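Coordinate analysis (summary)
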Amino acid sequence: MQTQTQTQPRAALRFRVLPSTAYTPRLPFVVFFPRNRWPARVWCTAAENGGFLGEQKQLQMPHKKAYPFDEIEPRWQRFWEENNTFRTPEVVDTSTPKCYILDMFPYPSGAGLHVGHPLGYTATDILSRYKRMKGFNVLHPMGWDAFGLPAEQYAIETGTHPRITTKQNIKRFRSQLKSLGFSYDWDRELSTTEPEYYKWTQWIFLQLFKKGLAYQAEIPVNWCPALGTVLANEEVINGVSERGGHPVVRRPMRQWILKITAYADRLLEDLDELDWPESIKEMQRNWIGRSEGAELEFHVVDSEGCDLGLELSVYTTRPDTIFGVTFLVVAPEYLFLSSLASEAQHDIVEQYREVALRKSDLERTDLQKEKTGVFSGSYAMNPANGEAIPIWVADYVLGSYGTGAIMAVPAHDSRDHEFALKYDIPIVRVVIGTDKNHHNREPYVDDGIMINSSNSSSGLDINGLSCKDAAAKVINWLEITGYGKKKVNYKLRDWLFARQRYWGEPFPVIYLDDSGEVVPLPEKELPVVLPELDDFNPTGTGEPPLAKATSWVNTADPISGRPARRETNTMPQWAGSCWYYLRFMDPKNSKALVDKDKERYWGPVDIYVGGAEHSVLHLLYARFWHKLLYDIGVVSSKEPFKCLINQGLILGEVEYTALRDPQGNLVSADSTVIRDNYYQEKVPAEKVSKVGDFYVIKDDPSIRLIARAYKMSKSRGNVINPDDVVSEYGADSLRLYEMFMGPLRDSKTWSTGGIEGVHRFLARIWRLIVGPNLSDGSYSDGSVATDDEPSLDQLRALHRCIAKVTEEIEETRLNTGISAMMEFINAAYKWDDQPKSILEPFVLLLSPFAPHMAEELWFRLGHQETLAYEQFPEAQNEFLKDSSIVLPVQINGKTRGTIIVDESCPEDDAFRLATQDKKLSKYLLGKTIKRKIYVPGRILNVILDQQKVSQ
């Protein structure tokens, strides 16, 4: 290491490199600097630190704290914990309004929190603190969704029991959350991995089983041999597992399935009652995918037209296009595919099937992907016209949708059209638009008038009808002839509810040895506790790891005593997170999932905050379980979450990238000649400047750069640890900055420079109320507040701030609420005194946002009790009215300017404002005033002794 200033003697300090655009490590460095002086710059070169891409990195100097946050924050965190400040009363007081504010259950990973995580937690904490001060009973708990694959994989890799790593991770998360001053009721803390909790998860499963909503079936699943488990479609990307990138294949397995489709209509209809983002509701509607159409039966024949004794069922939303069907397509996982494949095509079909089943559903249905398929060798008879049409196998059809087979109408479906063109299959147009233009080669997918749709043999004629009328007539014809029926279909599939893992909730069922019958365990046998295992590795046979716990697996029916075996699959991670919001209402209840009176009082959740990535699966599953519990009388509301807020992402700091051509020359990012063989090179922020709306290289402004912020991840090295930010600036600064960055629901880009500005703002509040620091760097006790009566200007500034902050908290526009407080502080610094009656309400306004500082200032203002339950200030209307007027000012009868005054401004105040005005003061400076003529609200005329006033 070297510095630009070299003097002796030298002292050593330890610095750390903060992550930025091109430099990812957080490593300690020893830096020498002259006594009593900071060096102008400190550099770390590539040779001295393993290489930072050949660049130099200026290290950040130690932050000089602007107020003693490192003393204040730990003190008040201890106070809150020791005094159980935020404990929610166990006995509900129905005469007091309630507010249940909840964060989505976090998974406690080994990586701990990064600064993106506290965004939603800070917002819910502000709302919780605000509601307490508004007189609400507030339930604001925290817990851990701690079962799942990551902990199990870590156990396999290290030999550490997942329970140990999970407890360590929870401890770290809990410590980080407490360091940020969140007002959680930690007495209600939950973990899905505790038997006392998952006893009731198992109990809910038993209710599903009793209602016929939990069943077993052999279905094609995503099997990952390396992970030894079944994966959900969302956990498979491009044919490999999302975690680890291991190959995934489709194979049939017997699985537990929950019949969520039984609730499809209710899940759809009740969305209208929810105060959720419309985009999230639309995602759920699309996921459920309700459609009305028809189910048709096609008789299968061979190449000679001989009936093979098979019928192929097809679901369609467009029965009106039946005359345009020129081929059928079945999914590679179609149950009777082997029966459809002719002898000549059998091997080709099997090879295609094997390849197709390695792909994810998302990859197979990608509209941009080139369509592939193989002919099965069999045909089907179109019932409308009696024509034999070929049956193809193609991976763009999914076995999980409808019947796993479709009727292809290439003239009126883009996917079918692309497929037909590729394999030279006939295209018959049967619908035309009102413009009668049916010569367009592109598929016509809109409604119109039917053509080419009549056959005397079948007796069906729909020519000239609208699509809607034609569809109704076709459905009626299908039901009369027995070729089909009207059908409502859903894209929603029943919920695959089994995992071949160890670290999950055991199923509360057994299988009798002599009959194989599935027997639900009596409720008094719950919980079925997960047994201890030393070997968590997959068995390699498809058997779950729990199969190794033979003494646990081999059991007896507690009622009949007959030998039995336990289920060795475990529930998926979603199970425990489906109902935790209910357990928070009554976490210690050993007799029931939740007490009915407590549930009636606290339910439903009033404000639920979390990421949009959970918009479908978690939220849909939780709604499904809640509706079951509603049906059996456990809960009193139809929906679990009344209001949903999705917070945006906090992205890493902006990264700047330059482009170089193959010869190594820099190329501007706006160039029209950019080629794929150009390569990217990161540019340090100190070498970048902004010109207009673009970022350029300082030394060559003609070279524009790519400026982009990325999602925080360890792989990019752009993760900011909140512990470091709290150590450097304090928890209140981090909380305030995350709220001030922009609207809660928007994604935002982290900037270390931005948090420094918010930290200075808090320091200004501190100095305004406490006063400047003493000569030894400490601060005097108490505050500089006076007992003076506040002026009208001070009261107006305060109450306008109260009105604005209150409105912005209610509407969760927290960034603009902070702006209002900044405006107040700017005004307060212009006052000659700081009345206590003005400062105290402001401190209460500040407290939900920066609770540590607010508690300290409240104490210094003379209060011995916490402000957590003080009444939130209310704006008084008389101070919100704008009664300012423009008052003309005359000198010796000639108007020389104007001033802004209140309608009721006294003469002395008006004259003082005139003397402070730059334009007017030059006429009054050094002059003798003979008299003043003041008409309130009309005019101020100052008469001087001189007969003339210098122009």
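Residues numbered from 1 in each chain as written. Predicted model: local features only at pLDDT ≥ 70, side-chain atom pairs only at ≥ 80, totals over all residues. Heavy atoms only, no water.

1. Looking at the side chain of glutamate 840
Among the secondary structure elements, glutamate 840 is positioned in helix α23 (residues 836-846). In this structure glutamate 840 comes out as buried when scored by relative accessible area, which is 17%. If we ignore the near neighbours within four places in the chain, the residues touching glutamate 840 are Trp858, Leu861 and His863. (Helix = DSSP H or I, 4+ residues; strand = E, 2+ residues; numbered from the N terminus. Buried < 20%, exposed > 50% of the residue type's maximum accessible area, 1.4 Å probe, protein only. Contact = heavy atoms within 4.5 Å.)

2. Quick word on helix α7 (residues 278-288)
Considered for burial, the residues of α7 that qualify are Ile280, Lys281, Gln284 and Ile288. Projection of α7 onto a plane perpendicular to its axis shows the buried side chains occupying an angular sector of 100°, all on one side. Each element contacted by the buried residues of α7 is listed here: α6 (264-269), α17 (617-631) and β32 (644-646). (Arc of directions from axis to C-beta.)

3. Concerning the environment of glutamine 284
Inspection of the secondary structure assignment puts glutamine 284 in helix α7. Setting aside chain neighbours within four positions, we find glutamine 284 in contact with Leu271, Trp276, Ser615, Val616, Leu619, Leu620 and Arg623.

4. Details of the sheet that holds strand β11 (residues 229-231)
Ordered in space as β11-β10-β14-β26, the four strands form an open sheet in which the pairing is antiparallel. Strands at the two margins of the open sheet, each flanked by one partner only, are β11 and β26 (495-496). Bridge count for strand β10 (residues 214-224) against strand β14 (residues 249-258) is ten bridges, and the pairing is antiparallel. The residue of β14 that forms the bridge with tryptophan 223 is valine 249. (Pairing = 2+ DSSP bridges.)

5. Regarding the packing of aromatic side chains
Under the definition given, this model contains 50 aromatic pairs. Look at tyrosine 580 and phenylalanine 584: their rings are 5.9 Å apart centre to centre, the planes differ by 85°, and that puts the pair in the edge-to-face class. The class for tyrosine 580 is buried, based on a relative accessible area of 0%. Under the relative-accessibility criterion, phenylalanine 584 is labelled buried at 0%. Positioned over the ring face of phenylalanine 911 is lysine 932, at 4.3 Å from the centre of the ring. (Phe/Tyr/Trp six-rings, centres within 6.5 Å; stacked < 30°, edge-to-face > 60°. Lys NZ or Arg CZ within 6 Å of the ring centre and 35° of its normal.)

6. Things to note about the state of the cysteines
Put plainly, two cysteines are in a disulfide when a covalent bond ties their sulfur atoms together. Summed over all chains, the structure comprises zero disulfides. Counting only cysteine sulfurs, cysteine 99 is the nearest neighbor of cysteine 643, a cysteine outside any disulfide, at a range of 9.6 Å. (Disulfide = S-S within 2.5 Å.)

7. Some thoughts on the confidence of the model for the chain
Predicted coordinates in areas of low pLDDT are best not read in detail. For the chain, per-residue confidence averages 88 on the pLDDT scale, and 91% of positions sit at 70 or higher. Throughout residues 1-63 the model reports pLDDT below 50, and contacts reaching past four residues in sequence, or to other chains, amount to 136 contacts. (pLDDT = per-residue confidence, 0-100.)

8. Regarding the sheet that holds strand β45 (residues 939-944)
Picture the strands of a sheet paired through backbone hydrogen bonds; they go either parallel or antiparallel. Strands sit in the order β43-β42-β45-β44 across an open sheet of four strands; the sheet is mixed. Looking at which strands have only one partner, the edges of the open sheet turn out to be β43 (894-902) and β44 (929-935). In this sheet, neighbouring strand axes are inclined to one another by 20° on average, regardless of whether the strands run parallel or antiparallel. Across the sheet, helix α25 (residues 907-916) is in contact with β42 (884-891), β43, β44 and β45; its angle to β44 comes to roughly 115°. (Axes fitted to C-alpha atoms, helices over the stretch in contact; angles between N-to-C directions.)

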